[in-house]
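For reference, the chains in residue letters:
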Amino acid sequence: MLNPPLPTVAVVVAEPAKLSAMRLFFAFSKIALTGFGGVMPFAYRALVEQYRWLSAEEFARYLALSQVLPGPTICNVALMIGKRHAGIAGALAAMAGLIIAPFLLVIALGVAYQRFGQLAMVQDALTGMTAVAAGLVLATAVKMAMQLFGKAGNAGKAGKTVGIDSPHKDKTRSHQATLQAVLMALAFAGLALLKWRLIVVFVLLALPGSIVAYFLKDKNG
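Model, not experiment: these values are computed from the prediction.

Let's talk about the overall build of the protein
Phase 1 of the analysis: If you tally the helices and strands in the protein, you get 7 helices and 0 strands.
Phase 2 of the analysis: Reading the protein from its N end, one meets helices and strands in the order α-α-α-α-α-α-α.
Phase 3 of the analysis: In the protein, which comprises 221 residues, the proportion classed as buried is 25%.
Phase 4 of the analysis: Carbon and sulfur atoms make up 70% of the accessible area of the protein, which amounts to about 15100 Å² in all.

Quick look at the structure:
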């Protein structure tokens, strides 16, 4: 007796939401104008937590790729997000939003600093802004790390719940999480403590780390 045919299951792939070029322009203008001392923390909060145009994992991937490409990191991120949601027009609109308003503001602030920059009150304000900017960058890094490790932990718990995970897969996930932590620690040590150039840290860590991560994933099937 022949086995009955299996039912066909339709797989629906979610497409990224379509956004207008104007909306992208105003969104990235707002990010740029609120990102004093470093745009990336504000970009993460806006794109991942407020607008929800990207997941935390997608933002981390865009950021990693943008670090490799030439040019400012946030501009590379804006181009990729604009292209994803509105094509070439969206990429240009996102880039324009990052550049136009901040350019005019920086010109105005430059003129003001030449006139009032030597005042003690201005110097004290700049010192405080530097500390705040450093804290924002650190907070963003911690958030991204928690999202990455949290996702790996949740995947392991979900696998155990439905009974499809094996001890080998659990061990592989643990090795991947350990690899991520080691790479982050080495990158921090190279950039912050040893004062190496970014390109040197990238060459020493990115390629070996990618190879090890690939083989870990390959073993997991």
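So that's the structure; there's more coming.
Overview of the nonpolar core
Phase 1 of the analysis: Among the nonpolar cores identified, the biggest contains 29 residues, and Phe28, Ile31, Leu47, Phe59, Ile74, Ile81 and Leu98 are the most heavily contacted of them.
Phase 2 of the analysis: Mapped onto this core, the elements with two or more residues apiece are helix H1 (21–34), helix H2 (40–50), helix H3 (56–68) and helix H4 (73–116).
Phase 3 of the analysis: A per-element tally of this core places H4 first, with 8 residues.
Phase 4 of the analysis: Sequence-distant contacts of Phe59, that is, excluding residues within four places in its chain, are made with Met40, Ala43, Tyr44, Leu47, Val48, Leu54 and Met144.

Focus: the packing of aromatic side chains
Phase 1 of the analysis: Tallied over the full model, the rule gives 3 aromatic pairs.
Phase 2 of the analysis: Between Phe25 and Phe26 the ring centres are 5.4 Å apart and the planes differ by 75°, which places this aromatic pair in the edge-to-face class.
Phase 3 of the analysis: Here Tyr44 and Phe59 contribute two aromatic rings whose centre-to-centre distance is 5.1 Å and whose plane-to-plane angle is 85°, an arrangement assigned as edge-to-face. Of this pair, Tyr44 sits in helix H2 while Phe59 sits in helix H3; the two residues are 15 residues apart in sequence, bridging distant segments of the chain.

Quick look at H3
Note that an α-helix has 3.6 residues per turn; residues three or four places apart therefore point the same way.
Phase 1 of the analysis: For H3, which comprises 13 residues, the first-to-last C-alpha distance of 19 Å matches the rise-based estimate of 18 Å (1.5 Å per residue) to within 8%.
Phase 2 of the analysis: Where H3 is concerned, the buried positions are Ala56, Phe59, Ala60, Tyr62, Leu63 and Ser66. Buried positions in H3, seen along its axis, are confined to an arc of 165° and lie on one side of it.

Side note on the pattern of salt bridges
Phase 1 of the analysis: Evaluated as defined, the whole model comprises 2 salt bridges.
Phase 2 of the analysis: For Arg84, the salt bridge is made with Glu58, and the minimal N-O distance between the two is 3.1 Å. Of this pair, Arg84 sits in helix H4 while Glu58 sits in helix H3; the two residues are 26 residues apart in sequence, bridging distant segments of the chain.
Phase 3 of the analysis: Note on Arg84: relative accessible area 25%, which makes it partly exposed.

Thresholds, definitions, all that
- Residues numbered from 1 in each chain as written.
- Predicted model: local features only at pLDDT ≥ 70, side-chain atom pairs only at ≥ 80, totals over all residues.
- Heavy atoms only, no water.
- Helix = DSSP H or I, 4+ residues; strand = E, 2+ residues; numbered from the N terminus.
- Buried < 20%, exposed > 50% of the residue type's maximum accessible area, 1.4 Å probe, protein only.
- Areas by Shrake-Rupley, 256 points an atom, 1.4 Å probe, with all protein chains shown as cover.
- Core = buried A, V, L, I, M, F, W, Y, C linked by side-chain atoms within 4.5 Å.
- Contact = heavy atoms within 4.5 Å.
- Phe/Tyr/Trp six-rings, centres within 6.5 Å; stacked < 30°, edge-to-face > 60°.
- Expected span 1.5 Å × (residues − 1).
- Arc of directions from axis to C-beta.
- Salt bridge = Lys/Arg side-chain N within 4 Å of Asp/Glu carboxyl O.

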